[in-house]
Amino acid sequence: RLLSVLRRRCDIAGKRLSGPGLAAEGRVLRAVLYAYHSRLLRHRPYLALQQVEQCLKRLWKMNLVGCLETLVELIPKKNASKAHSECLVPSQPVLETVALKVLGGCKLILRLLDCCCKAFLLSVKHLCSEEFILLNTVASGLLSRLWFVIQYRCVLQTLTSLYGALSTMLHLVSETEQTPYIKGFTFPSDISDFLGVDVSSEAKKQKAKMLTTKKSTSWMKKLFPAMPEAVSKVGKKRKSETSTSAMKNRSIPCPTDIGERVV
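Labelled according to an unreviewed UniProt entry, the chain appears under the name NEPRO protein, originating from Pomatostomus ruficeps.

Structural data, given as structure tokens:
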């Protein structure tokens, strides 16, 4: 029963870590950093984005997904027969290695979420100052999506539940036969003690901070103030005329502003 639970949690964690959302946001982040590298070396939101990218890079380099796949291959697919009292289980060194990587991955993801939150607040702050509007608009959207992908897919919560199953299995295996591989480190029974924070409460705090900042600054109103009624009517009339002419002759490209609907 414990082996089937461990296999299932390893599969879920591997799928959520290797999902397309996290990889896509990482590629966009690297492209943004590359595009602005020569111009914004001392810009604070840019430096905060570099910290986010560094956390993502370390998360991929530790190859947590490959480690989980190796562990799944060592777990027997079918449960042992009830008539037999023995079954094959992964060895203590393998379980210790995976447990240590899961602990490190949880720390890295916690740090990644914190960096995303700080970089987002900095981007919104500089956006309100009308400084590097394009970069900070892209950065705030990118960071909020990255934060949302990790929280929505419950990546951190999945890893914490996986560590619970790993800790139970590691305890049973070490009781059967003592073959410790990692020495000088005591594996915590509760991962919250190791992380130092409660995962769900920390996510709620970060979300509240980001939403409060967006409400209090109302940066969209500062950047795009409301137009007078006469000007808005003229703009609507011109827009409708442009749309009609574009429908009549589709071959003529019409210039459109950012945010306007393209017919």
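To continue, consider the overall build of the chain. On a plain count of helices and strands, the chain comes out with eleven helices and zero strands. Listing each helix as α and each strand as β along the chain from the N terminus yields α-α-α-α-α-α-α-α-α-α-α. Out of the 263 residues in the chain, the part that is buried amounts to 38%. Pairs at least 24 apart in sequence give 84% of the contacts found in the chain among residues at least 6 apart.

Here the focus is helix H5 (residues 92-128). With 37 residues, H5 should reach 54 Å at 1.5 Å per residue; the first-to-last C-alpha distance of 54 Å fits that figure. The first or second residue beyond H5 is Glu130, which carries a positive phi of 55 degrees.

A general tendency of soluble globular proteins is for nonpolar side chains to be buried together. One finds Leu6, Val52, Val102, Ile109, Leu159, Leu162 and Leu166 to be the most contacted residues of the largest nonpolar core, which totals 66 residues. Secondary structure elements with two or more residues in this core: helix H1 (2-17), helix H2 (20-35), helix H3 (44-61), helix H4 (64-74), H5, helix H6 (133-152), helix H7 (155-176) and helix H8 (191-195). Considering every element that reaches this core, the biggest residue donor is H5, with 17 residues. Beyond its immediate stretch of four places on either side in the chain, Leu6 contacts Leu71, Ile75, Leu95, Leu162, Ala165, Leu166 and Met169.

Helix packing for two helices is described by the angle between their axes and how far apart those axes are. At a closest axis distance of 9 Å, the pairing of H5 and H7 adopts a crossing angle of 155 degrees. With respect to each other, H5 and H7 are oriented roughly antiparallel. Read as a crossing pair, H5 and H7 show a hand that is left-handed. Note on element contacts: H7 touches H5 through Val155, Leu156, Leu159, Thr160, Leu162, Tyr163, Leu166, Met169, Leu170, Val173 and Ser174, opposite Gln92, Leu95, Glu96, Val98, Ala99, Val102, Leu103, Gly105, Cys106, Ile109, Leu110 and Leu113. Residue composition of the contact of H5 with H7, grouped by class: 18 nonpolar, four polar and one charged.

With the rule as written, the count across this model stands at four salt bridges. Among the salt bridges present, the one from Glu53 reaches Lys57, with a minimum N-O distance of 4.0 Å. Highlighted residues: Glu53 and Lys57, both in helix H3, separated by four residues, approximately one helical turn. Residue classification places Glu53 among the buried residues on the basis of a relative accessible area of 15%. Judged by relative accessible area, which is 41%, Lys57 ranks as partly exposed. Between Lys118 and Asp114 there is a salt bridge; the shortest N-O distance is 3.3 Å. Of the two residues, Lys118 and Asp114 are both situated in helix H5; the distance of four residues between them amounts to about one turn of the helix. The partly exposed category is assigned to Lys118, whose relative accessible area is 48%. Judged by its relative accessible area of 23%, Asp114 is partly exposed. Each member of the salt-bridge network shares a partner with another, and the members are Arg111, Asp114 and Lys118.

About the criteria used
- Residues numbered from 1 in each chain as written.
- Predicted model: local features only at pLDDT ≥ 70, side-chain atom pairs only at ≥ 80, totals over all residues.
- Heavy atoms only, no water.
- Helix = DSSP H or I, 4+ residues; strand = E, 2+ residues; numbered from the N terminus.
- Buried < 20%, exposed > 50% of the residue type's maximum accessible area, 1.4 Å probe, protein only.
- Contact = heavy atoms within 4.5 Å.
- Expected span 1.5 Å × (residues − 1).
- Core = buried A, V, L, I, M, F, W, Y, C linked by side-chain atoms within 4.5 Å.
- Axes fitted to C-alpha atoms, helices over the stretch in contact; angles between N-to-C directions.
- Parallel < 35°, antiparallel > 145°, perpendicular 65-115°, else oblique.
- Left-handed = near helix turned anticlockwise from the far one by under 90°.
- Nonpolar A, V, L, I, M, F, W, Y, C, P; charged D, E, K, R; others polar.
- Salt bridge = Lys/Arg side-chain N within 4 Å of Asp/Glu carboxyl O.

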